[in-house]
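Each chain, letter by letter, is given below.
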Amino acid sequence: MAFLEIEHLSKHFGRHTVVHDFNMQLQAGELVTLLGPSGCGKTTVLRMIAGFETPSGGSLRVGDQDMTRTPPQQRGIGMVFQSYALFPNMNAEQNIAFGLKMQKLAPAQIARRVADVVRLVELGGKEKHYPQQLSGGQRQRVALARALVVEPRMLLLDEPLSALDARIRRSLRDQIREIQRRLGLTTVFVTHDQEEALTLSDRIFVMNQGRVEQEGTPETLYTQPESEFVARFMGNYNLLDPRQSAALLGLEIVGHLAIRPEAIHVQQGAGALNGIIRQRQLLGNIVRYQVESAGVTLTVDRLNRNAGDLLPHGSPVCLLIDRADMREVR
Amino acid sequence: MKSAPSSLGAWLAMLFGGVYFLLPLLATLIFSLKMRREGYSFAAYQVVLNDVNFRQSFGYSTLVGLLTIVLGIVLVVPTAYWVRLKLPRWRPLIEFITLLPLVIPAIVIVFGYLRLYGSNAWLPLTGNARGTDLLLVCGYVTLALPYLYRAVDSGLGAMDVRSLTEAAQSLGAGWRSILWHVVFPNLRSAMLSGAFLTFAIVIGEFTVASLLARPAFGPYLQLIGANRAYEPAALAMIAFAITWAAMGLLQVVTRNHRALAPPSADSD
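Residues numbered from 1 in each chain as written. Chains lettered and ligands numbered in written order. Predicted model: local features only at pLDDT ≥ 70, side-chain atom pairs only at ≥ 80, totals over all residues.

### Here we look at the nonpolar core
Ranked by size, the top nonpolar core spans 151 residues in total, and within it A145 and L156 of chain A together with V152 of chain B carry the most contacts. The element contributing the most residues to this core is helix α6 (residues 129-157) of chain B, with 14 residues. Each of domain 1 (4-232) and domain 2 (236-329) of chain A contributes no fewer than three residues to this core. Those residues in contact with V152 of chain B that lie beyond four places of it in its chain are V76, V77, A80, L187, A190, M191 and G194 of chain B. (Core = buried A, V, L, I, M, F, W, Y, C linked by C-beta atoms within 7 Å. Buried ≥ 20, exposed ≤ 12 C-beta atoms within 10 Å, placed from the backbone. Helix = DSSP H or I, 4+ residues; strand = E, 2+ residues; numbered from the N terminus. Domains from an automatic or database assignment. Contact = placed C-beta atoms within 7 Å.)

Here it is as structure tokens:
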């Protein structure tokens, strides 16, 4: 039996439908990510799970309990917000203890649990600091500790890393995953960042215009996109329409042909499929080329091994693409 | 060197403003000190401060002011909070309603009260002193509404009401706990601003208190002004001092509140 079961969930705001027939089954201890561009309905789904929005239709069960219309304070679901939502009038320790005070626990018990969770999120020494005295990463760790200390049955994270700079985002991302695994906490993570989704998740639901476009493991979604939207969103796929596909590869297709940039091999010289380097971008360990061939511009990624390997702008090259790496999408 | 004319203009404007505001005040101060012919003295102040009616009316207005502040905050804070949280589309309408006391004269409110709660009404509040006191407090809450609502609403605007509420809810807090532990403490400065403005309004108010025949400070000021020469000037200075003290307190409280929030750390 699934831990969280969502069936035919929908949400309308006036005439505007923001979530259409959303279905999800989440196993205990699983981390699932809702991924999509802004306005795709992912946060609305999360808010319905939290109880902040009432669904227009469908049902939501946690375990054997119907939670569709249960008020948020009775759900036992922890939430971490993009804006941290720390109480400005309380220091870190008081923020973390807030939920335990609402449960009317004894002060000694509160102190012990707060100390435990402070250690877990590595916030030692910052307990007496007010939110305004903490950096973004520290604030988000206080928010995480505050959500964890009440031992929620489930954790919801609404773009918790979006407001942080890249270095802190990466370290906090790893910390969240590590804590989630250690506690075996069932978690729903919302993000628009595909890298975040790929590194964190057990499963990903890619959403577009209120609907789930595709659902699967990070590996499946990255290598086997089923639609043009997923292909574009999950990576820098080359998407060829039927005309381009015929011109470049001589293939007759109905939808689009998706080819990952790293699946195209490029080398100097001539071959069956020839092109010219039109642009070169150095992305650290990757070199990204724009190669023009038969009137089609392809993005090609190559490992940046050494400076001698770099292909110069305007140089003629030949392209090699394995048929298995070409994927027809709708 | 372009800034010289504009800087001169600013100084001239400040000088004009200073003279415009301070000259009458200075004249009143000097006049209030000239009760004795032999020279300057605080005789007018002594007369006023020794007057039992001054102490009684001032004490009464202070008490009514405090009750007005409490009732105003109890009414306005949850309303403004709820409008921000759940009914944001109603904000223009609510703002318009709270502005009405600025365009409807106090005398209209009092006559409305007298008709609705007069001795022949179904609820004859004006029939006894406590009932009339209640009407006076309600009238003052109405008069203070534009200032109190704006102060509280701008305070709410400065905090992320929705996220803080949802965070508290997800931690198991009910509405009462959210208001008490989250909203009120974070609105302290805004509520104090509104409270001092309310107090300033109540202390000097004449129309409602006079027509409801309550022994407030406003009617006392008018009575003294109509019958004495130097004492009204002394009273005016005392009233100014009280208002300035209130404003000074507001500054102190706001500064102390800000001092709790030093600049954020820049590293993890």
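### Some remarks on the interface of chain B and chain A
Facing the 24 residues of chain B at the interface are 27 residues of chain A. Listed by contribution, the elements that provide at least two residues to the side of chain B that touches chain A are α7 (161-170) and α8 (175-186) of chain B. Counting residues per element, the side of chain B that touches chain A draws most heavily on α7 of chain B, which supplies six residues. For the side of chain B that touches chain A, the class distribution of residues is 11 nonpolar, nine polar and four charged. (Nonpolar A, V, L, I, M, F, W, Y, C, P; charged D, E, K, R; others polar.)

### Thoughts on the domain arrangement of chain A
All names here are of chain A. Considered domain by domain, chain A is made up of domain 1 (4-232) and domain 2 (236-329). Computed over C-alpha atoms only, the centres of domain 1 and domain 2 are separated by 38 Å. Taken together, the contacts link seven residues of domain 1 with six residues of domain 2. Of the residues belonging to the side of domain 1 that touches domain 2, the class tally is two nonpolar, two polar and three charged.

### Regarding the sheet that holds strand β12 (residues 256-259) of chain A
The strands making up a sheet associate through backbone hydrogen bonding, with each pair oriented either parallel or antiparallel. Residue and element names in this part refer to chain A. Pairing is antiparallel in the open sheet, where three strands are placed in the order β11-β12-β18. Each having just a single partner strand, β11 (238-240) and β18 (326-329) make up the two edges of the open sheet. Going across the sheet, the axis of each strand differs from the next one's by a mean of 30°, ignoring polarity. (Pairing = 2+ DSSP bridges. Axes fitted to C-alpha atoms, helices over the stretch in contact; angles between N-to-C directions.)

### Points about the sheet that holds strand β6 (residues 77-80) of chain A
Residue and element names in this part refer to chain A. Judged by pairing direction, the sheet is mixed, and its six strands sit side by side in the order β6-β7-β8-β3-β9-β10 without closing on themselves. Of all the strands in the sheet, just β6 and β10 (211-216) have a single pairing partner and so form its edges. Averaged over neighbouring strand pairs, the angle between their axes works out to 20° when direction is ignored. Inspection of the sheet shows strand β9 (residues 203-208) paired to β10 by five bridges, in the antiparallel sense. Residue F205 lies in a different strand from β10, and its bridge partner there is E215.

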